[in-house]
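Each chain, written out:
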Amino acid sequence: MKVLVIGGGAREHALCRALSLDPDVTALHCAPGNAGIAEVAELHQVDALDGAAVARLATELEAGLVVVGPEAPLVAGVADAVRDAGIPCFGPSREAAELEGSKAFAKDVMAAANVPTARSYVCTTPEEIDHALDAFGAPYVVKDDGLAAGKGVVVTGDLSAAREHAIACGRVVIEEFLDGPEVSLFAITDGTTVVPLQPAQDFKRALDGDEGPNTGGMGAYSPLPWADPKLVDEVLESVLQPTVDELRRRGTPFAGLLYAGLAITSRGVRVIEFNARFGDPETQVVLARLRTPLAGVLHAAAVGELAALPPLTWRDDAAVTVVVASHNYPGTPRTGDPIDGLRDVAEQDAPHAYVLHAGTRAEDGRVLSAGGRVLSVTATGSDLAQARKRAYAAVARIGLDGSQHRTDIARTAAEG
């Protein structure tokens with residue numbers, strides 16, 4: 001099978017790495033990719049938001065499967081264009097991707113499917129915003145209705161900051177604060193059958209101790225030793241399957257990766273948000289633990305044959321990812337800085353630790369930073385403590401001027 005992956009971040013590098021290890025993949029392509037992905041896939045330049053251009057590239061490459069990584073191309077209908085060209089595509093349609101593209105749409109689907117989630121208001125005027133903030137009180141949870149690259153959510157005890165963010169968003173969802181630890185659970189679905197993956201936990205705040213501003217994610221780990229062993233089955237029954245069934249009932253079947261962001265509250269599991277694609281950085285740790293070859297699973301979802309697959313198999317290893325971010329992230333990042341130490345990690349830490357590129361580019365034989373989140377350093381081990389030790393040993397070999405990373409990823413879980 002020839003596979004084309006769309007995107008250029010660490011999520012796509014993790015996908016490309018897993019696909020490159022799959023013996024059924026005869027050729028691997030990525031557009032636009034990055035400096036790290038170039039080591040495992042042939043890169044192509046394409047406007048990832050231009051469905052016709054992506055479909056044309058896939059046709060030229062004779063791709064047997066297209067995997068759309070980021071949310072923006074999905075919401076723009078790129079998967080539809082690829083399927084219209086007769087090529088199997090892993091990723092939901094434009095209409096189904098509204099589950100991530102609009103927080104209000106997601107709330108409507110959850111209400112219809114009786115999926116447990118936070119009480120909320122959809123607001124478009126300052127008066128509605130003030131009413132909702134007053135109704136729920138602090139801490140305030142304010143979510144931009146549309147796509148915001150992981151930065152559209154503000155959780156704050158500061159009423160003026162909450163109100164300012166809400167008004168800046170235009171259309172906004174304001175909801176009650178959910179207590180308890182958060183869990184990310186991915187599921188692969190063909191629109192009918194739902195196959196959950198292993199749960200992970202990510203770290204949204206920029207600084208140690210969950211301080212600082214929200215980010216796209218500063219690290220992740222899997223498995224979750226503290227989680228109820230029945231969690232995955234419970235979420236499949238109460239959240240994932242009802243959501244997929246409801247979207248199919250509406251005539252907009254969801255085929256691709258359904259990502260449920262969950263809060264394990266004192267009142268039970270509640271959905272914080274849905275995403276329509278693999279999450280970053282959770283993908284890095286989940287795929288590190290997946291033993292089943294990836295391409296066949298994604299292809300089965302794309303062509304409606306998931307029910308025929310045997311159960312997924314998983315490694316017993318734990319996995320930890322630490323994100324190395326550029327100076328000033330999540331503000332306007334500094335880019336163009338050279339990255340050192342990548343070869344040292346490859347020579348001294350492989351195969352237990354490796355670097356997945358997020359915001360990088362190659363220039364004159366060097367790898368330079370090209371975004372806010374620059375690298376995802378990922379490691380496996382017999383338990384979280386060993387995986388964590390290996391990840392941070394690899395991080396220590398990397399040189400990037402002004403870079404930052406959290407030092408407490410998976411610490412509490414590893415010590416527990």
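Counting restarts for each chain: residues are numbered from 1 in the order of the written sequence. Restriction of local features to residues with pLDDT of at least 70 applies here, the model being predicted, together with a cutoff of 80 or more for giving and counting side-chain atom pairs; totals for whole chains, interfaces and linings are based on all residues. Processing note: side-chain calculations cover all non-hydrogen atoms of the structure and skip hydrogens and water entirely.

Asks: Account for the overall build of the protein chain, with residues named and values stated.
Replies: Helix numbers and strand numbers start at the N terminus; a helix is a DSSP run of H or I with at least 4 residues, a strand a run of E with at least 2. Along the protein chain, the regular secondary structure elements total 14 helices and 24 strands. What you see for the protein chain is a C-alpha radius of gyration of 20 Å, in line with the 22 Å of a compact globule of 416 residues. Seen through its C-alpha atoms, the protein chain measures out along the principal axes to roughly 55 × 45 × 40 Å. Sequence-distant contacts in the protein chain: of pairs separated by 6 or more residues, those separated by 24 or more amount to 68%. Here the accessible surface of atoms and residues is derived via Shrake-Rupley with a 1.4 Å probe, and residues count as covered only by protein chains that are part of the display. A total accessible area of about 16,700 Å² is found for the protein chain, and carbon and sulfur atoms account for 49% of it. Charged-residue counts in this description rest on Lys and Arg as positive and Asp and Glu as negative, His and the chain ends being excluded. To locate a charge, take NZ of a lysine, CZ of an arginine, CG of an aspartate or CD of a glutamate. Taking the 36 positively charged and 56 negatively charged side chains of the protein chain as two groups, their mean positions are separated by 2 Å. Here the globule rule is a power law, 2.2 Å times the number of residues to the power 0.38, and the radius of gyration is based on C-alpha atoms. Residue contacts are defined here by distance: any two heavy atoms, one from each residue, within 4.5 Å place the two residues in contact.

Asks: For the sheet that holds strand β17 (residues 268-275), give the residues involved together with the corresponding values.
Replies: Strand pairing is assigned whenever DSSP detects at least two bridges linking the two strands. Spatially, four strands are ordered β11-β10-β16-β17 in an open sheet, and the strand pairing comes out antiparallel. The outermost strands of the open sheet, each flanked by one partner alone, are β11 (194-196) and β17. This sheet shows a mean twist of 35° between the axes of neighbouring strands, independent of strand direction. Of the pairings in the sheet, the one linking strand β10 (residues 182-189) to β11 comprises three bridges and is antiparallel in character. Within β11, the residue paired with I188 across the bridge is V195. Interaxial angle, 0 to 180 degrees, is taken between N-to-C directions of lines fitted to C-alpha atoms, where a helix line uses only the stretch in contact.

Asks: Give me the lowdown on unusual backbone geometry, citing residues and values where you can.
Replies: In this structure, P281 follows D280 across a cis peptide bond, with omega equal to 25°. Mapped onto the elements, P281 comes out in the loop between β17 and α10 (282-289). Cis geometry is adopted by the peptide bond preceding P351, which originates at A350 and carries an omega value of 0°. Even without being a glycine, N328 presents a positive backbone phi close to 80°. Examined against the element boundaries, N328 turns out to sit in the loop between β18 (318-325) and β19 (339-340). Even without being a glycine, A410 presents a positive backbone phi close to 65°.

Asks: Describe the environment of L61, listing the residues and the values that go with them.
Replies: Relative to the helices and strands, L61 resides in the loop between α2 (51-60) and β4 (65-68). Think of it in three bands: with a 1.4 Å probe and only protein chains considered, a residue is buried below 20% of the maximum accessible area for its type, exposed above 50%, and partly exposed in between. What makes L61 buried here is its relative accessible area of 15%. Between the C-alpha atoms of L61 and L4, which are 57 residues apart in sequence, the distance is 8.2 Å.

Asks: Tell me about the nonpolar core, residues and numbers included.
Replies: In terms of nonpolar packing, the biggest core is built from 76 residues, with L4, V66, L240 and V320 touching the most fellow members. Residue contributions to this core peak at seven residues, all from helix α9 (residues 231-249). Among residues more than four places away in sequence, those in contact with V66 are L4, I6, A58, V82, I87, P88, C89 and F90. Throughout, nonpolar core names a set of buried Ala, Val, Leu, Ile, Met, Phe, Trp, Tyr and Cys residues whose side chains join them through atoms within 4.5 Å. With 41 residues, the next largest nonpolar core counts L19, A200, A288 and A302 among its residues.

Asks: Account for the sheet that holds strand β23 (residues 373-381), naming residues and giving values.
Replies: With antiparallel pairing, the five strands of this open sheet are ordered in space as β12-β15-β18-β23-β20. Unpaired on one side and paired on the other, β12 (201-202) and β20 (353-357) mark the two borders of the sheet. Here helix α1 (residues 10-20) sits on the sheet in contact with β20 and β23, set at roughly 125° to β20. Its contacts with the sheet put α10 on β12, β15 (219-222), β18, β20 and β23, and the angle it makes with β18 is roughly 150°.

Asks: Give me the lowdown on the side chain of K143, citing residues and values where you can.
Replies: Residue position: K143 is located in strand β7 (residues 140-144). Within 3.5 Å is the distance limit for a polar contact, defined as a pair of N or O atoms, with the added protein rule that one can donate a hydrogen and the other accept it, and that residues adjacent in sequence qualify only through two side-chain atoms. Looking at K143, its side chain comes within polar contact range of the side chain of E175, at 2.9 Å. Among the polar contacts listed, one links the side chain of K143 to the backbone oxygen of I272, at a separation of 2.6 Å. Those residues within four positions of K143 in sequence are excluded, and the remaining contacts are K103, G152, V153, V172, V173, E175, I272 and E273.

Asks: Tell me about helix α7 (residues 126-136), and please be specific about residues and values.
Replies: All of the buried residues along α7 are I129, A132, L133 and F136. Looking straight down α7, one finds that the buried residues subtend no more than 100° of arc, so they occupy a single side. With respect to the buried face of α7, the exposed residues turned more than 90 degrees away are E127 and D134. Structurally, α7 contributes buried residues whose contacts are with β6 (120-123), β7, α8 (159-169) and β9 (172-175). Directions pointing from the helix axis toward each C-beta atom define the arc.

Asks: Summarise the packing of aromatic side chains; cite the residues concerned and give the values.
Replies: Ring geometry is summarised as follows: Phe, Tyr and Trp rings, the Trp one being its six-membered ring, pair when their centres sit within 6.5 Å, and such pairs are stacked at plane angles under 30 degrees, edge-to-face over 60 and tilted between the two. Under the counting rule described, the total for this entry stands at five aromatic pairs. Between F90 and F278, the aromatic rings sit 6.1 Å apart at their centres with planes inclined by 35°, giving tilted as the arrangement. Here F90, found in strand β5 (residues 89-90), pairs with F278, found in the loop between β17 and α10; they are 188 residues apart in sequence, far enough to count as distant. The pair formed by F90 and F278 is uniform in burial state, with each residue classed as buried. Ring centres of F203 and Y221 lie 6.1 Å apart, and the angle between their planes is 45°; this geometry places the pair in the tilted category. You can see F203 sitting in the loop between β12 and β13 (205-207) and its partner Y221 sitting in strand β15, a full 18 residues away along the chain. You can call F203 buried: its relative accessible area is 11%. Judged by relative accessible area, which is 2%, Y221 ranks as buried.

Asks: Can you tell me about the pairing of β18, naming the residues and giving the values?
Replies: On a regular strand, each side chain points to the face opposite its neighbour's, so the side chains alternate between the two faces of the sheet. The element β18 is extensively covered by neighbouring structure, given that eight of its eight residues are classed as buried. Here β18 shows a buried face lined by A318, V320, V322 and V324 and a second buried face lined by A319, T321, V323 and A325. Strand direction decides the pairing type here: β15 and β18, joined by four bridges, are antiparallel. Bridging across to β18, G219 finds its partner in V322.

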